[in-house]
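Coordinates in review
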Amino acid sequence: GENVEQHPSTLSVQEGDSAVIKCTYSDSASNYFPWYKQELGKRPQLIIDIRSNVGEKKDQRIAVTLNKTAKHFSLHITETQPEDSAVYFCAALNTGNQFYFGTGTSLTVIP
Amino acid sequence: NAGVTQTPKFQVLKTGQSMTLQCAQDMNHEYMSWYRQDPGMGLRLIHYSVGAGITDQGEVPNGYNVSRSTTEDFPLRLLSAAPSQTSVYFCASSPFANTEAFFGQGTRLTVV
C-alpha cells in the first residue's frame, strides 16, 4: 500500500514569514494530492490540491509543488497570518481510490 | 444545502456493544468515505465507496462494516465495540475520488 510521511510535525513562524510543509509518498502511481487544514475541534477542509500531471499550483498565499520523480510534494504558505494557525494534513490518492494521509503538521503563527 | 451530515456528535459505548454512525450527503456525490482520527496518526481510511452498491476496504477496516444502498447514505457499523475503537470518526464525500472532499462534523466515540 501507500505510505505518506509528513514533516515537520510542528512548525512555528513569525507572522509575515513563510511556512513550508513537506510530504513524501511511496506509490509512484498515486495521482492526486490534496492538502487539508484542520482547526482545533473542527472538521478538515481542503485548502489546495494538485494532480500528477501538474508540477505547481497557486491560490493567493498558498502554493503546492509536486516532484513526481522524487515522490514528494510540498505546501507553501507565504505572508503567514495568525488565522493560518492550525493542523495541516497532506494526502495521496492511489489508483485503488484509497486515500493515505500524513500524520499532520501543527502550524503556529506568532503575532 | 446541508452538505455532509454526520450523527451522532458524541457517543459512549460499552465494550461489546454495536452501533451505527450515520452519514448523509445531499450533493449527489459518488465518492464517500469513513476515516478515524487518532492523536499523532492523522486520518486513516476505514471504508470507502465509489458509488451506490459499491464498497471497499481502506487501511483499517477490521471491526467495521459499511453499506451504500443509496447515493446519499453511507452508514458505518461497529459490530462489537472495543476500547481500541475509541477515536474521532469523520465521514466525507466528493463528486469523485480525485476532487475536493467535504467532511462531516465528526463523531467522538469512546468505548469503555
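All of the points below concern the structure found in this document. (Residues numbered from 1 in each chain as written. Chains lettered and ligands numbered in written order. Predicted model: local features only at pLDDT ≥ 70, side-chain atom pairs only at ≥ 80, totals over all residues. Heavy atoms only, no water.)

Concerning the overall build of chain A
Along chain A, the regular secondary structure elements total zero helices and eleven strands. For chain A, the sequential pattern of α-helices and β-strands runs β-β-β-β-β-β-β-β-β-β-β. Here the C-alpha atoms of chain A give a radius of gyration of 13 Å, agreeing with the 13 Å that 2.2 N^0.38 yields for 111 residues. Seen along its three principal axes, the alpha-carbon backbone of chain A occupies a region of about 40 × 30 × 20 Å. Once local pairs closer than 6 in sequence are excluded, the contacts in chain A between residues at least 24 apart make up 52%. As displayed, chain A offers around 5,400 Å² of accessible surface, 46% of which is attributable to carbon and sulfur atoms. Here chain A contributes 10 positive and 12 negative side-chain charges, whose respective centroids are spaced 5 Å apart. (Helix = DSSP H or I, 4+ residues; strand = E, 2+ residues; numbered from the N terminus. Rg over C-alpha atoms; globule rule 2.2 N^0.38 Å. Contact = heavy atoms within 4.5 Å. Areas by Shrake-Rupley, 256 points an atom, 1.4 Å probe, with all protein chains shown as cover. Lys, Arg positive; Asp, Glu negative; His and termini not counted. Charge placed at Lys NZ, Arg CZ, Asp CG, Glu CD.)

A few points about the packing of aromatic side chains
Going through the model one piece at a time under the given rule, you end up with 14 aromatic pairs over all chains. Ring centres of A:Phe33 and A:Phe73 lie 4.9 Å apart, and the angle between their planes is 50°; on these two criteria the pair is classed as tilted. One end of the pair, A:Phe33, is in strand E4 (residues 32-38); the other, A:Phe73, is in strand E8 (residues 72-77), and 40 residues separate them in sequence. Residues A:Phe99 and A:Phe101 carry aromatic rings whose centres are separated by 6.4 Å and whose planes lie at 45° to one another, so their mutual orientation is tilted. A:Phe101 gets classed as buried once you look at its relative accessible area, which sits at 8%. Joined through ring pairs, the aromatic side chains of A:Tyr32, A:Tyr36, A:Phe99, A:Phe101, B:Tyr31, B:Tyr35, B:Tyr48, B:Phe90 and B:Phe103 make up one cluster. The cationic tip of B:Arg68 hangs over the ring face of B:Phe74; the distance from NZ or CZ to the ring centre is 6.0 Å. (Phe/Tyr/Trp six-rings, centres within 6.5 Å; stacked < 30°, edge-to-face > 60°. Buried < 20%, exposed > 50% of the residue type's maximum accessible area, 1.4 Å probe, protein only. Lys NZ or Arg CZ within 6 Å of the ring centre and 35° of its normal.)

Structural notes on the nonpolar core
Counting 25 residues, the largest nonpolar core has A:Trp35, A:Phe73, A:Leu75, A:Tyr88 and A:Leu107 as the members making the most contacts within it. Leaving out residues up to four positions away in the same chain, A:Leu75 has contacts with A:Ala19, A:Val20, A:Ile21, A:Trp35, A:Ile47, A:Ile48, A:Ile62, A:Ala63 and A:Tyr88. (Core = buried A, V, L, I, M, F, W, Y, C linked by side-chain atoms within 4.5 Å.)

Things to note about the interface of chain B and chain A
At the junction of the two partners, chain B supplies 23 residues and chain A supplies 18 residues. Each partner contributes to the roughly 1,700 Å² buried at the junction of chain B and chain A, and carbon and sulfur atoms together form 56% of this total. Ranking the residues of chain B by area buried against chain A places B:Leu43, B:Asn98 and B:Phe103 at the top, with a combined share of 29%. For the side of chain B that touches chain A, the elements supplying multiple residues, two or more each, are strand E4 (31-37) and strand E5 (43-51) of chain B. Broken down by class, the residue content of the side of chain B that touches chain A amounts to twelve nonpolar, nine polar and two charged. (Buried area = accessible area lost by both parts, 1.4 Å probe. Nonpolar A, V, L, I, M, F, W, Y, C, P; charged D, E, K, R; others polar.)

What about the side chain of A:Thr80?
Residues and elements named next belong to chain A. Its place among the elements puts Thr-80 in the loop between E8 and strand E9 (86-93). On the basis of relative accessibility, which here comes to 1%, the residue Thr-80 falls in the buried class. At 3.3 Å, the side chain of Thr-80 and the backbone oxygen of Gln-14 are in polar contact. If we ignore the near neighbours within four places in the chain, the residues touching Thr-80 are Val-13, Gln-14, Glu-15, Gly-16, Asp-17, Ser-18, Ala-19, Arg-61 and Val-109. (Polar contact = N/O pair within 3.5 Å; in protein donor to acceptor, adjacent residues only side chain to side chain.)

Let's talk about the sheet that holds strand E7 (residues 64-66) of chain B
Residues and elements named next belong to chain B. As summarised here, the arrangement of the four strands in space is E1-E3-E8-E7, forming an open sheet in which the pairing is antiparallel. Taken across any chain shown, the strands that pair with only one partner, and hence form the sheet edges, are strand E1 (4-7) and E7. Neighbour to neighbour, the strand axes of the sheet diverge by 15° on average, direction disregarded. Here E7 runs beside strand E8 (residues 76-78); their pairing, made up of three bridges, is antiparallel. Across the sheet, Tyr-64 pairs through a bridge with Leu-78, a residue of E8. (Pairing = 2+ DSSP bridges. Axes fitted to C-alpha atoms, helices over the stretch in contact; angles between N-to-C directions.)

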